[in-house]
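Structure at a glance
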Amino acid sequence: MTDTTTGALKRTPLHDVHVALGAKIVPFAGYEMPVQYPTGITVEHKAVRDACGMFDVSHMGEVIVRGPDAIRFVNSVTSNDVAALAVGQVQYSTLLRADGTIVDDLLVYRFADHLMLVINASNRDKDLAHLEAHLGGFDCTMTDVSDVTALLAIQGPQAPGIVASLSNVPLDGIKYYWFTEGEIAGVPCIISRTGYTGELGFELYFDHTRAVEVWNAVMAAGTVTPAGLGCRDSLRLEAGMCLYGNELGDDTTPLEAGLNWLVKLGKTEPFLGKDVLVRQHQDGTDRKLVGFTFDERAIPRHGYSVVYGGVAVGDVCSGTMSPTLGIPIGTCYLPSAAAVEGTTFAVEIRGKHIPARVVKLPFYKRPGKA
């Protein structure tokens, strides 16, 4: 993944494939990325919900942490309990500051002799600097392998069968948020039962020089729809998944964002922000993240003003017209007392206050999922 020119946006190893497919390319997190293909965002979204879509997410960052203190170190800067991970297991977590706010959300992979952190591309430099600043005193090393790692997400009800048909290792027994190592179409991969869509599927990590080879093999293995950033956003919003820069940010704690399940206050060793999060756990937070909908056919957008009790209390974090549900959906922060299902408030759209109603997250659950 190299710069197109000095100081220019980076390109993933699949850039030429996206261009050849007629993708609309936009700047995103320092990369030129496909936001949609000629079929359009709604078609791509529904393909993932009903069949199978494939995303190039090679812009994401991957960091290897290796050494005797690798687990202790990562545990000291994240909210979840890395020590509780079994080999072959994945953990969603938040990278924290001393004041309990979120530097980034991330995945932690536990291998037999190292950890892999998967971080947001837009936060890569910030995350690395934060980790380096807290590495002192721990016997471990960090290696940024982002630029030599390709990442494909194959998602949808038909995705497991398509990926399994190309695998040299059995995949049926891999549970959600677990992974294995094997070959996909002859290419060594980390095969991870994870995703950002609320659907079945796998994410594949492998050598960036083999990206076109793996992409073509997956496309040939079944009916697979190339999918861009546009539907990735609408899919994750329907599934109630947070996006850094929208629901999460430098002024947000995991408890405010409703990510209480990621905060293991009982970890045996201290971690950044623990004191603040203990207080928030005991005393509550001033605000909480909620999902909402409109009865009107208006569309909430990121940044629209949120009004409660006649007072502006924040902005819409994310919003769209749900392709699956056919209704407006969005997220925002409300005062904690108001953050209960059924509470009414308003979103200002072009000078008009549109009535909104708090609803339970997620907006969508895959059929058959508890």
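The text that follows walks through the structure, step by step, so that each part is easy to find. (Residues numbered from 1 in each chain as written. Predicted model: local features only at pLDDT ≥ 70, side-chain atom pairs only at ≥ 80, totals over all residues. Heavy atoms only, no water.)

**Observations concerning the sheet that holds strand S2 (residues 24-28)**
Reading across the sheet, the 3 strands line up as S1-S3-S2 and stay open at both edges, with mixed pairing between neighbours. Of all the strands in the sheet, just strand S1 (10-11) and S2 have a single pairing partner and so form its edges. Examined bridge by bridge, S2 and strand S3 (residues 31-36) share 5 bridges and lie antiparallel to one another. Along S3, the bridge assignment pairs Phe 28 with Tyr 31. (Pairing = 2+ DSSP bridges. Helix = DSSP H or I, 4+ residues; strand = E, 2+ residues; numbered from the N terminus.)

**Here's the deal with the nonpolar core**
Core analysis: the biggest nonpolar cluster contains 58 residues, and Val 65, Phe 73 and Tyr 109 have the highest contact counts within it. Every element with two or more residues in this core is listed here: strand S5 (61-66), helix H3 (70-77), strand S6 (90-96), strand S7 (102-110), strand S8 (114-119), helix H4 (124-133), strand S10 (149-155) and helix H7 (229-238). Looking at this core, the element that brings in the most residues is S7, giving 6 residues. In this structure, Val 65 is in contact with Ala 70, Phe 73, Val 74, His 114, Leu 115, Leu 117, Cys 140, Thr 141 and Met 142, ignoring residues within four places of it in sequence. Within the second largest apolar cluster, 28 residues are counted, among which are Cys 52, Leu 152, Ala 159 and Ala 211. (Core = buried A, V, L, I, M, F, W, Y, C linked by side-chain atoms within 4.5 Å. Buried < 20%, exposed > 50% of the residue type's maximum accessible area, 1.4 Å probe, protein only. Contact = heavy atoms within 4.5 Å.)

**Some points on the sheet that holds strand S15 (residues 287-294)**
Spatial strand order, S15-S18-S17-S16-S19-S20: 6 strands in a closed barrel with antiparallel pairing. Direction aside, neighbouring strands of the sheet carry axes that sit 40 degrees apart on average. Sheet analysis places S15 next to strand S18 (residues 328-335), joined by 7 bridges and oriented antiparallel. Its bridge partner lying in S18, Thr 293 is registered against Ile 329. In the packing of H7 onto the sheet, contacts are made with strand S17 (311-321) and S18, and the angle to S17 comes to roughly 115 degrees. (Axes fitted to C-alpha atoms, helices over the stretch in contact; angles between N-to-C directions.)

**Some words on the pairing of S5**
Within S5, 5 of the 6 residues are buried, which leaves it mostly tucked inside the rest of the structure. Sheet topology places S5 next to S8; 6 bridges connect them, and they run antiparallel. By the bridge assignment for S8, Val 63 is matched with Leu 117. By the bridge criterion, 4 bridges tie S5 to strand S9 (residues 141-144) in an arrangement that is antiparallel. Directly across from Val 65, in S9, lies its bridge partner Met 142.

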